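Chain residues, written in single-letter form:
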There are 2 protein chains.
Amino acid sequence: MIKHALNVTREADFAAWYQAVISEADLAEESGVRGCMIMRPWGYGIWERIQRLLDDRIKGVGYDNAYFPLFIPLSYFEKEAEHVDGFAKEMAVVTHHRLVGDGKGGLTPDPEAKLEEPLVVRPTSETVIGTAFSRWVQSWRDLPVQVNQWANVVRWEMRTRMFLRTAEFLWQEAHAAYASAEQAREQTMVGLEVYRSFAEDVAAMPVIAGEKPENERFPGAVATFSIEAMMQDGKALQAGTSHFLGTNFASAQNIRFQNANGEFELANTISWGMSTRMIGGIIMVHGDDDGLRVPPRLAPWQVVIVPMLRDSDEDAALLDYCEGLKAELVKQSAFGEPVRVLLDTRAAKAANKRWGWVKKGAPVVIEVGGRDMAGGNVSMIRRDRLYREDGKLDSAILAKGDFVAQAAGLLEEIQTALHSQARAKLDANIVRGVDSFDALKAHFEGSGKYPGWVEVQWAKPTGEELDKAVERIKALKLTFRNVPLDAAPADGTCMFTGRPAVERILVARAY
Amino acid sequence: MIKHALNVTREADFAAWYQAVISEADLAEESGVRGCMIMRPWGYGIWERIQRLLDDRIKGVGYDNAYFPLFIPLSYFEKEAEHVDGFAKEMAVVTHHRLVGDGKGGLTPDPEAKLEEPLVVRPTSETVIGTAFSRWVQSWRDLPVQVNQWANVVRWEMRTRMFLRTAEFLWQEAHAAYASAEQAREQTMVGLEVYRSFAEDVAAMPVIAGEKPENERFPGAVATFSIEAMMQDGKALQAGTSHFLGTNFASAQNIRFQNANGEFELANTISWGMSTRMIGGIIMVHGDDDGLRVPPRLAPWQVVIVPMLRDSDEDAALLDYCEGLKAELVKQSAFGEPVRVLLDTRAAKAANKRWGWVKKGAPVVIEVGGRDMAGGNVSMIRRDRLYREDGKLDSAILAKGDFVAQAAGLLEEIQTALHSQARAKLDANIVRGVDSFDALKAHFEGSGKYPGWVEVQWAKPTGEELDKAVERIKALKLTFRNVPLDAAPADGTCMFTGRPAVERILVARAY
């Protein structure tokens, strides 16, 4: 039996395993501030990679980055009634702008410095960005406006879990205004496609892109689309959303333009966002019982070189050899970028370093000892294939030049392998043909801990009928995820209403 | 006389000119939220360039990026008494975590959701990062720790001015802990040198690096160093600071390690930060009466191509020609990066576009009309040399291929020209040899509006003597800036104490 690097397996306790990966891979830690985590360098490094590659794609579809205030006056929320109902509940509210001594050696908010109007720490920025749009947009010539913001936002969540649900989190939010609903709908799908292709190609995370049902829409949206990824416990994670807001926000914020005929019209707006939650998804899609496996495109370091130093005279030559290897590797290009290589010279035992990088999920770990150097070789571990069939660590000895020549191809191979493994799990765990509520119930009650997702046919009920359907699946701890864009047409009966089905929707347990 | 693009000149009203540049160059605007600005795409684009190039340098000296909470519990400030005195006064305080209806159709902080301990929106992160360091550092083997954070911070300033002093601003803050004071002092200077070289080489902004006097130190610091830049009105702008904190913060936050002999010692910490204030400096160093001039290394677009479209059959060919030009230009490399080229196809008059880009300060604007195309040419304006000697716009016609071949060199030439111009102004406006307070007074009262800086000799007074000196220069609206690292040794008498001087310090009006 393999002795894995973590002391808890996915099988034994998925939630504990998730926390163990975060801790053992040095991704993040509790901060002591309620609901707020500290993203440690390796975790934040993955976020920096996400930022850079997603940012390129967002700019590629015509958005400029800008930056809007952290604080939103209370009155902005009052304008948007539906929005208030959905978001205004749990938010951090700034009421004072000064601290003073409390007379007991401590500090307290100064009663003399109470704000006339409280400020809300942004939970999302539709209201403040929409207000700016209303100034920027006067004529049809000013449209479209497309801006993106990288920012921190705060939602006062009662139960938090690192990366998946934290009071403060980091994200990007893209906001745009168009002259027509048609164009805005089209661009909502452009945003969704940015997420789908980013998840698949960069995060090696297969996803299902589709439209959320009415009860799962963003407050104030006419339509919400998502990408849904399957975690290794069979649950769904919404990894990015794109919203068509129609004229709902434009009306509240007065985003109005004069069309070519001189008539005033409301603009149609959209918004789309992806957050640090994505890292939680990467952990639960790619992690294994030895820790994280970072897709090479997102790995802060793709190749880590560990010299087997022995406090001996040979160390200097060994370091030279490793420096030479690094110099050759950084000249290679993988995925159109120079290979990212770290030479780990910290004062620690080589075996501890090796397992540290395995737990962090560096795609390739190279060890170089005296014997490797003498033979002009390196010892290589690839993170996607850690063990041989006999359960021993799969460390391959390669000629240094051969490894350098293969490195970029190897990284691309690992990227593809992670994607294929995850794709196979997703495909194998979407069940179709469940055609009654009893069968749905039987599936989820009878499939053990990891029942995957079920694609059911439904009549797309609304109002009370939808509420009732939501209630029924909620009793099974299930939620409606989305109506896949590429689902087959409906040809059966709706298990909730008994009427002919009009589309197929995914049902799953979810984060 | 030249008719400039702005309707106010630096000479006529520097403060109004500054606001005009921000507005006309689309850098930023008021947000409607007190003290918070909106950074528009061109302004934020400059910040993104600053981020990328400064980030490379910070990583280059061994720092990893990480992310710490926005909120700091009140009690963290109480631990650090000196720090509280300096910073705790004007800060945004979160006291509630929920909004509810106020019964009058509006919203109000929910009295039921009052936080037990108020949270302060970070004005800087020494306390929260230091608390993390205290967990991370146990042994000498854990040192040094070097992390950097890109973040928003909030200081509730009473008088705000865009970029220079805003309630919320963006910055990076580097924090590190070392085993010895010597090492920490050395690394404080590494941080300062990052800023000095970044300002000079990237922002084309000549600066004086030096140590701040005691009264200008960061609260809690043992020593504070700064880079000071001279604005075109002769005032100084502190553009970056690096602090040696000794064991002051380590003691409050218990950053303690076991040394090689097994004894416990306090770590020595440092911090250094640069903010969006830098953009205010770039405006006031490089701007002219036609708007901003962005140093090419920081320009979001270095070359902007404006096709002279006429809604005619020729337009398609003209666009093809411009696309071809762009394709050739982006293959060129300036400053080790591909040249950043925008083809401006917006529906607006070519002349308006030209002046728009002049005001924004794009380093090179290329116009292409039918005649240019027919001749295989382009018309070029370079932003550092906008007018000919006769006051006419200096638009040069070049063969397209010649322009492409010269483009990278031209950008490098413009970068150097901006730096040289600013360097000449700085050098010409530091006055030395003012050896009595009366002479100092006479200089600042007699030098018109732009008296520059004076380097005086002083005895480095402390305590009450220093307070008195500060009072005296304050009456002249002056402040002590810094003791330049490369100042000549003192050889005179201190104008404040009458004792022999020990060093030279810069005195100036300042932002």
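Residues numbered from 1 in each chain as written. Chains lettered and ligands numbered in written order. Predicted model: local features only at pLDDT ≥ 70, side-chain atom pairs only at ≥ 80, totals over all residues. Heavy atoms only, no water.

## Looking at the overall build of chain A
Argument step 1. Counting secondary structure elements, chain A contains 14 helices and 28 strands.
Argument step 2. The globule rule puts the C-alpha radius of gyration for 511 residues at 24 Å, and the 26 Å found for chain A is close to it.
Argument step 3. In terms of principal-axis extent, the alpha carbons of chain A reach across some 80 × 65 × 55 Å.
Argument step 4. When each of the 511 residues of chain A is scored for burial, the buried share is 59%.
Argument step 5. Taking as baseline every contact in chain A between residues at least 6 positions apart, the subset at least 24 positions apart corresponds to 70%.
Argument step 6. Entry remark: accessible area of chain A is about 20200 Å², with carbon and sulfur atoms responsible for 47%.
Argument step 7. If you average the places of the 60 positive and of the 70 negative side-chain charges in chain A, the two averages end up 3 Å apart. (Helix = DSSP H or I, 4+ residues; strand = E, 2+ residues; numbered from the N terminus. Rg over C-alpha atoms; globule rule 2.2 N^0.38 Å. Buried < 20%, exposed > 50% of the residue type's maximum accessible area, 1.4 Å probe, protein only. Contact = heavy atoms within 4.5 Å. Areas by Shrake-Rupley, 256 points an atom, 1.4 Å probe, with all protein chains shown as cover. Lys, Arg positive; Asp, Glu negative; His and termini not counted. Charge placed at Lys NZ, Arg CZ, Asp CG, Glu CD.)

## Considering the pairing of strand 8 (residues 114–121) of chain B
Argument step 1. Bridging between strand 4 (residues 71–73) of chain B and strand 8 of chain B involves three bridges; their strand directions are antiparallel. If you follow Ile72 of chain B over to strand 8 of chain B, its bridge partner there is Val120 of chain B. (Pairing = 2+ DSSP bridges.)

## A word on the interface of chain B and chain A
Argument step 1. Counting residues at the interface gives 64 residues for chain B, matched by 64 residues for chain A.
Argument step 2. Of the roughly 5300 Å² buried between chain B and chain A, counting both surfaces, carbon and sulfur atoms make up 63%.
Argument step 3. Looking at the side of chain B facing chain A, the largest losses of area belong to Tyr67, Leu99 and Leu107 of chain B, adding up to 13% of the total buried there.
Argument step 4. Run the count over chain B and chain A and you get six salt bridges.
Argument step 5. The residue Lys59 of chain B makes a salt bridge to Glu48 of chain A at a minimum N-O spacing of 3.0 Å.
Argument step 6. There are 33 residue pairs in polar contact (both at pLDDT 80 or more) connecting chain B and chain A.
Argument step 7. Among the elements that take part in the side of chain B that touches chain A, helix 2 (residues 41–60) of chain B stands out by supplying six residues, more than any other. (Buried area = accessible area lost by both parts, 1.4 Å probe. Salt bridge = Lys/Arg side-chain N within 4 Å of Asp/Glu carboxyl O. Polar contact = N/O pair within 3.5 Å; in protein donor to acceptor, adjacent residues only side chain to side chain.)

## Here's the deal with the packing of aromatic side chains
All names here are of chain A.
Argument step 1. By the definition in use, this model includes 29 aromatic pairs over all chains.
Argument step 2. Seen in terms of ring centroids, Tyr195 and Trp272 are 5.4 Å apart; in terms of plane orientation they differ by 70°. Their pairing is edge-to-face. Taken together, the residues span a long stretch of sequence, with Tyr195 in helix 6 (residues 181–202) and Trp272 in strand 16 (residues 268–275) at a distance of 77 residues.
Argument step 3. The class for Trp272 is buried, based on a relative accessible area of 2%.
Argument step 4. Ring geometry for Phe218 and Phe249: centres 6.3 Å apart, planes at 20°, overall stacked. Here Phe218 is found in the loop between strand 11 (207–211) and strand 12 (223–230), whereas its partner Phe249 is found in helix 7 (residues 248–253), with 31 residues between them in sequence.
Argument step 5. Judged by its relative accessible area of 1%, Phe249 falls in the buried class.
Argument step 6. Among the aromatic residues, those joined into a ring-pair cluster are Phe437, Trp458, Phe480 and Phe496. (Phe/Tyr/Trp six-rings, centres within 6.5 Å; stacked < 30°, edge-to-face > 60°.)

## What to know about helix 1 (residues 14–24) of chain A
Residue and element names in this part refer to chain A.
Argument step 1. Along helix 1, the residues classified as buried are Phe14, Trp17, Tyr18, Ala20, Val21 and Ile22.
Argument step 2. On its buried side, helix 1 packs onto strand 1 (28–30) and helix 8 (277–286).
Argument step 3. The positive-phi residue at the C-terminal boundary of helix 1 is Asp26, with phi of around 55°.

## Description of the relation of the copies chain B and chain A
Argument step 1. For the pair chain B and chain A, the relating rotation is 180°, the translation along its axis is 0.0 Å, and the fit reaches an RMSD of 0.0 Å. Both copies of the chain, as the preceding transformation shows, are related through a two-fold rotation axis. Nearest to the rotation axis, the C-alpha of Val94 of chain B is located 2.1 Å from it, this being the minimum over chain B.
Argument step 2. Of all interface residues in chain B, 100% are interface residues in chain A too; the two copies therefore contact each other through one and the same surface. (Least-squares fit on C-alpha atoms with pLDDT ≥ 70 in both.)

## Let's talk about the nonpolar core
Across soluble globular proteins, you tend to see nonpolar side chains buried next to one another.
Argument step 1. The biggest cluster of nonpolar side chains holds 77 residues, and the ones touching the most others in it are Leu27, Phe163, Met278, Ile283 and Leu292 of chain A.
Argument step 2. Sorting elements by how many residues they give to this core places helix 2 (residues 41–60) of chain A first, with eight residues.
Argument step 3. Two domains each donate at least three residues to this core, and these are domain 1 (14–90 + 125–286) and domain 2 (303–426) of chain A.
Argument step 4. Core analysis: the next-biggest nonpolar cluster, separate from the first, contains 76 residues, Ala151 of chain A together with Leu53, Ala199 and Val202 of chain B among them. (Core = buried A, V, L, I, M, F, W, Y, C linked by side-chain atoms within 4.5 Å. Domains from an automatic or database assignment.)

## Overview of the sheet that holds strand 11 of chain A
Residues and elements named next belong to chain A.
Argument step 1. Read across the sheet, eight strands follow the order 3-9-10-16-13-12-11-27 without closing on themselves; strand pairing throughout is mixed. Here the strands that pair on one side only, and so sit at the sheet edges, are strand 3 (64–65) and strand 27 (483–484).
Argument step 2. Alignment of strand 11 against strand 12, held across five bridges, turns out to be antiparallel. Its bridge partner being in strand 12, Val207 is matched across the sheet by Ala229.
Argument step 3. Along the sheet face, helix 2 touches strand 3, strand 9 (145–154), strand 10 (168–178) and strand 16 and points at about 165° away from the line of strand 9. (Axes fitted to C-alpha atoms, helices over the stretch in contact; angles between N-to-C directions.)

## Quick notes on the packing of helix 9 (residues 315–329) of chain A against helix 12 (residues 400–428) of chain A
All names here are of chain A.
Argument step 1. Between helix 9 and helix 12, whose axes approach to 10 Å, the crossing angle comes to 30°. When the axes of helix 9 and helix 12 are compared, the pair comes out roughly parallel. As helix 9 packs across helix 12, the resulting crossing turns out to be right-handed. For the pair formed by helix 9 and helix 12, the contact residues are Tyr321, Leu325, Glu328 and Leu329 on the first element and Lys400, Phe403, Val404 and Ala407 on the second.
Argument step 2. Tallied by class, the residues present in the contact of helix 9 with helix 12 amount to six nonpolar, no polar and two charged. (Parallel < 35°, antiparallel > 145°, perpendicular 65-115°, else oblique. Left-handed = near helix turned anticlockwise from the far one by under 90°. Nonpolar A, V, L, I, M, F, W, Y, C, P; charged D, E, K, R; others polar.)

## Side note on the environment of His97 of chain A
Argument step 1. Tracing the chain through its elements places His97 of chain A in the loop between strand 5 (93–96) and strand 6 (99–101).
Argument step 2. For the pair His97 of chain A and Lys114 of chain A, spaced 17 residues apart in sequence, the C-alpha separation works out to 6.6 Å.
Argument step 3. Polar contacts involving the side chain of His97 of chain A include one to the side chain of Glu90 of chain B, which spans 3.0 Å.

## Some thoughts on the packing of helix 2 of chain A against helix 8 of chain A
Residues and elements named next belong to chain A.
Argument step 1. In the contact formed by helix 2 and helix 8, the axes pass within 10 Å of each other and the chain directions differ by 110°. With respect to each other, helix 2 and helix 8 are oriented roughly perpendicular. Here helix 2 contributes Gly43, Ile46, Trp47 and Ile50 to the contact with helix 8, which in turn contributes Met278, Ile279 and Ile282.
Argument step 2. For the contact of helix 2 with helix 8, the class distribution of residues is six nonpolar, one polar and no charged.

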